[in-house]
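So you can see what is in the structure, the chains are spelled out below.
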Amino acid sequence: MIQLGILLALLCALAANLGFFYKHRGCNEVPSVSVRHPLRTARSLWSSKWFALGMLLGLVGWVLHVGAIALAPLSTVQVVLSSGVVLIAVMADKIFGFAVDRRQWWGLGLMGAGLAVLAFTMPGGHEAHGFSLQAMVAFEAGLIGLGALLLLGPRAGAPAEHHGVMLAAATGILFGVCNIAVKALTELIGMVGMSALFSPWLFVAVAASAAAFYASAKSLQDGEAVEVIAITGTAANISCIAGGIVVFGDPMPGDAVGIVASALAFAMVIVAGALTPAPVRSTAAAAAAAASPARA
C-alpha cells in the first residue's frame, strides 16, 4: 500500500505542476485580474480553456494528494512532492518552451533537496490528537497577516519585477492557511461528527482558498511561470510543515543532528529562492514569437 501511496504522490506532483503551467498560459490570455471586479475576473479566467484545464488538473492533484496521505506516511509523501520542484524545470524546458539556465536548475534542485531533507528530519508516527485552539488562532492569524503584507506589496511601491514573486509567496501562504484549516476540520469531524462543518474554520478555509485563487492568477500574470510556481509550492509546503508543528503538535527532531539538518534545510530553501531568476523563452519559441507579427 505504501508503494501505491508513493505512486499517487508522484502523480499528484505531476498533475499539480502541469496544472499551474496551463493556468499560466490561460491567465496571460485574459484581461488583468482585478479584485474590484471579482465576478467579472472569475468569468474571464474560466472562459480560457487553458485556465479551466489547469484548474481541473489541480483538482485531480488534490484528490491524488488525499489518497497518497491515506496510504503512505506523511513524511514519505512530502519527500515525493518535493521532487515536484525539479519537475517544474523539466516541464518548463521540455513542454512549455522556456529556457531554464544553469543557475535556475541549481536553484530548483537545491529547493527540492532542502524540502526533502526537511521532510526526512521530521519524525514520523505521530497520531492526530486534536489541536490547540490558541495556537491555531495565533498561527492562522500570523499567516494571514504575512500573506496580506505580501499582497499589499505591489500597491505599496514594490519594484514591478518583484510583483509576481511577492504574490506567489502570498498565494502559497494562503494555501497553507486553507490546508491547516481543512486539517483542523477533519480532526473536529472525527471528534464531534458533521456538526464540525459549522465551525468557523470552514469559513477560514473557503475565504483563504478564494483569496488564493485571485492572488495566484495575478501572480501568474505578473511573474514568470517557473519562479512563480516554485515559490508558490514552497511557501505552501513550509507553511503546512510549520503549522503541523505549532498547531497540531507534530514532533520535531529530538537530537542535535536532526535540529542542525532541519536548520540547514531551511537555509537551503532560502538560498534556492535567490537562485531562481525569471526564465526566458527558448530561442526557437522567441524566434517564432518575433516572426509572427511580421507575417501578420
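See the structure printed just above.
Worth saying up front: this structure is predicted, and the values here are computed from it rather than measured.

S.K.: Which residues make up the overall build of the protein chain, and what are the values?
M.R.: The secondary structure content of the protein chain amounts to twelve helices and two strands. For the protein chain, the N- to C-terminal ordering of α and β elements is α-α-α-α-α-β-α-α-α-α-α-α-β-α. A burial count over the protein chain gives 45% of its 296 residues as buried. For the protein chain, the proportion of contacts with a sequence separation of at least 24, taken over those separated by at least 6, is 82%. Put simply, the protein chain shows about 14,700 Å² of open surface, and 72% of that area lies on carbon and sulfur atoms.

S.K.: Account for the nonpolar core, with residues named and values stated.
M.R.: Phe21, Leu45, Trp201 and Ile229 are the most contacted members of the largest nonpolar core, which totals 57 residues. The element best represented in this core is helix H8 (residues 163-192), accounting for twelve residues. Those residues in contact with Ile229 that lie beyond four places of it in its chain are Asn17, Phe20, Phe21, Ile88 and Leu220. Counting six residues, the second-largest nonpolar core is a separate cluster that includes Leu8, Ala9, Ala68 and Val80.

S.K.: If you had to explain the pattern of salt bridges to someone new, which residues and values would you point to?
M.R.: The final tally for this structure, using the stated rule, is one salt bridge. With a closest N to O distance of 3.6 Å, Asp222 and Lys218 form a salt bridge. Placement of both Asp222 and Lys218 in helix H9 (residues 200-222) is noted, with a separation of four residues, approximately one turn of the helix. By relative accessible area, Lys218 is classed as partly exposed at 22%.

S.K.: Tell me about the side chain of His24, and name the residues and values.
M.R.: With respect to the secondary-structure elements, His24 resides in helix H1 (residues 2-27). If we ignore the near neighbours within four places in the chain, the residues touching His24 are Phe98, Leu220, Gly223, Glu224 and Ala225.

S.K.: Run through the environment of Leu149, naming residues and quoting values.
M.R.: Following the sequence through the fold, Leu149 ends up in helix H7 (residues 133-152). The class of Leu149 is exposed, set by a relative accessible area of 60%. Residues Leu149 and Met166, 17 residues apart in the sequence, show an inter-C-alpha distance of 9.3 Å.

S.K.: Summarise the environment of Ala208; cite the residues concerned and give the values.
M.R.: Relative to the helices and strands, Ala208 is located in helix H9. Residue Ala208 is classed as buried on the basis of its relative accessible area, which comes to 6%. Spatially, the C-alpha atom of Ala208 lies 10.0 Å from that of Gly147, the residues being 61 residues apart in sequence. Ignoring sequence-local partners within four residues, the contact set of Ala208 consists of Leu174, Val177 and Cys178.

S.K.: Any details on the packing of H7 against helix H10 (residues 225-246)? Residues and values, ideally.
M.R.: At a minimum axis separation of 10 Å, H7 and H10 run at an interaxial angle of 160°. Taken together, the axis directions place H7 and H10 in an arrangement best described as roughly antiparallel. Handedness of the crossing formed by H7 with H10: right-handed. Seen from H7, the contacting residues are Ala135, Phe139 and Leu143; seen from H10, they are Ser239, Ala242, Gly243 and Val246. For the contact of H7 with H10, the class distribution of residues is five nonpolar, two polar and no charged.

S.K.: Now, about the side chain of Thr41: what can you tell me, with residues and values included?
M.R.: Take Thr41: it is sitting in helix H2 (residues 38-46). On the basis of relative accessible area, Thr41 is assigned to the buried category, the value being 7%. Once residues within four sequence positions are removed from consideration, Thr41 is found in contact with Val33, Ser34 and Tyr214.

S.K.: Any chance you could break down the packing of aromatic side chains for me, citing the residues and the numbers?
M.R.: Going through the model one piece at a time under the given rule, you end up with six aromatic pairs. Each ring, one from Tyr22 and one from Trp50, has its centre 5.5 Å from the other, and the planes form 5°; the classification is stacked. Of this pair, Tyr22 sits in helix H1 while Trp50 sits in helix H3 (residues 49-71); the two residues are 28 residues apart in sequence, bridging distant segments of the chain. Judged by its relative accessible area of 17%, Tyr22 falls in the buried class. A centroid spacing of 5.3 Å and a plane angle of 80° characterise the contact between Tyr22 and Phe96, whose relative ring orientation is edge-to-face.

S.K.: Any chance you could break down the layout of surface pockets for me, citing the residues and the numbers?
M.R.: Considered as a void within the structure, the second largest pocket measures approximately 370 Å³ in volume. Taken together, 15 residues make up the lining of the second largest pocket; nearest its centre are Val35, Leu151, Arg155, Leu167 and Lys218. Every element with two or more residues in the lining of the second largest pocket is listed here: H7, H8 and H9. Looking at which element gives the most residues to the lining of the second largest pocket, the answer is H9, with five residues.

Conventions adopted
Residues numbered from 1 in each chain as written. Predicted model: local features only at pLDDT ≥ 70, side-chain atom pairs only at ≥ 80, totals over all residues. Heavy atoms only, no water. Helix = DSSP H or I, 4+ residues; strand = E, 2+ residues; numbered from the N terminus. Buried < 20%, exposed > 50% of the residue type's maximum accessible area, 1.4 Å probe, protein only. Contact = heavy atoms within 4.5 Å. Areas by Shrake-Rupley, 256 points an atom, 1.4 Å probe, with all protein chains shown as cover. Core = buried A, V, L, I, M, F, W, Y, C linked by side-chain atoms within 4.5 Å. Salt bridge = Lys/Arg side-chain N within 4 Å of Asp/Glu carboxyl O. Axes fitted to C-alpha atoms, helices over the stretch in contact; angles between N-to-C directions. Parallel < 35°, antiparallel > 145°, perpendicular 65-115°, else oblique. Left-handed = near helix turned anticlockwise from the far one by under 90°. Nonpolar A, V, L, I, M, F, W, Y, C, P; charged D, E, K, R; others polar. Phe/Tyr/Trp six-rings, centres within 6.5 Å; stacked < 30°, edge-to-face > 60°. 1 Å grid on protein atoms, 1.4 Å probe; cavity = no way out; pocket = protein on both sides within 12 Å on 5 of 7 lines; lining within 4 Å. Points joined across faces, edges and corners; volume = space filled by probe spheres on them.

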